Amino acid sequence: SDLVREEKELDMQSINFTEFLPHFIQDYKIQKKIGDGKIILDIQSEKLIKADVLYIEKLMVILIDNAIGHTSDNAPALIRVVEKEGKVVCEICDKGQGFPAAMLEESGSIYQTGYHHEDGHTGLNMQFIKILMRLFNGKIELSNSADGGAVIRLYFPAVSESNSL
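Note that the structure is predicted; figures quoted are calculated from it, not measured.

Asker: Explain the pattern of salt bridges here, please?
Answerer: Oppositely charged side chains can pair when the atoms bearing their charge come close. Applying the stated criterion to the full structure yields 7 salt bridges. With a shortest N-O distance of 3.1 Å, Asp65 and Lys32 are connected by a salt bridge. With a gap of 33 residues between them, Asp65 in helix H3 (residues 53–69) and Lys32 in helix H2 (residues 17–32) connect regions that are remote in the sequence. Classification of Lys32 as partly exposed rests on a relative accessible area of 36%. The partner of Arg153 in a salt bridge is Glu91, and the shortest N-O contact between them spans 3.1 Å. In this pair, Arg153 sits in strand S7 (residues 150–157) while Glu91 sits in strand S5 (residues 87–93), placing the two residues 62 residues apart along the sequence. Residue classification places Glu91 among the buried residues on the basis of a relative accessible area of 10%. When salt bridges that share partners are traced, they join Asp42, Arg80, Glu91 and Arg153 into one network.

Asker: Help me out: how do you make sense of the nonpolar core in this one?
Answerer: Formed by 41 residues in total, the largest nonpolar core has its most connected members in Leu154 and Phe156. For this core, the secondary-structure elements that each account for two or more residues are H2, strand S3 (48–52), H3, strand S4 (77–84), S5, helix H5 (124–135), strand S6 (139–144) and S7. The element that contributes the greatest number of residues to this core is H3, accounting for 9 residues. Apart from residues no more than four positions distant in its own chain, Phe156 is found in contact with Phe17, Ile49, Ile56, Lys87, Val88, Cys90, Met133 and Phe136.

What counts as what
Residues numbered from 1 in each chain as written. Predicted model: local features only at pLDDT ≥ 70, side-chain atom pairs only at ≥ 80, totals over all residues. Heavy atoms only, no water. Salt bridge = Lys/Arg side-chain N within 4 Å of Asp/Glu carboxyl O. Helix = DSSP H or I, 4+ residues; strand = E, 2+ residues; numbered from the N terminus. Buried < 20%, exposed > 50% of the residue type's maximum accessible area, 1.4 Å probe, protein only. Core = buried A, V, L, I, M, F, W, Y, C linked by side-chain atoms within 4.5 Å. Contact = heavy atoms within 4.5 Å.

That's the geometry; what it means functionally is another story.
Below, the structure written as structure tokens:
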């Protein structure tokens, strides 16, 4: 990734998930040929975040692909945006098997060389997301839902309207 190999200037902009996500999800569903009902949006925050739109889009594609790939055919993936302790929190939830216990224990270092992922993936996408969230002054948390499935929470600092572009 460009972000890891060299200093790359991010194009940080104020983003409102209320405006961004519905358009992004519509384009995503068309591009991936996904029918209605596979993704549920629940946006409960109008606060702005500061991030690079291109990289937010890449990050969301990775996480939504992952959520849909681990959700049974009948269950939708859920994307919820809430405010929590001055942060804007974007939750991506699936109805799959959830994260393995070992991965949750090591969520501070999401990528582990030699770690066996049941789906055969390396976990590098999650490391990429972790790096992006650091660049956005945020963080990522992994957990499992009490009713089954994985939950990924992206914490972004909320930006006041006066600081927006």
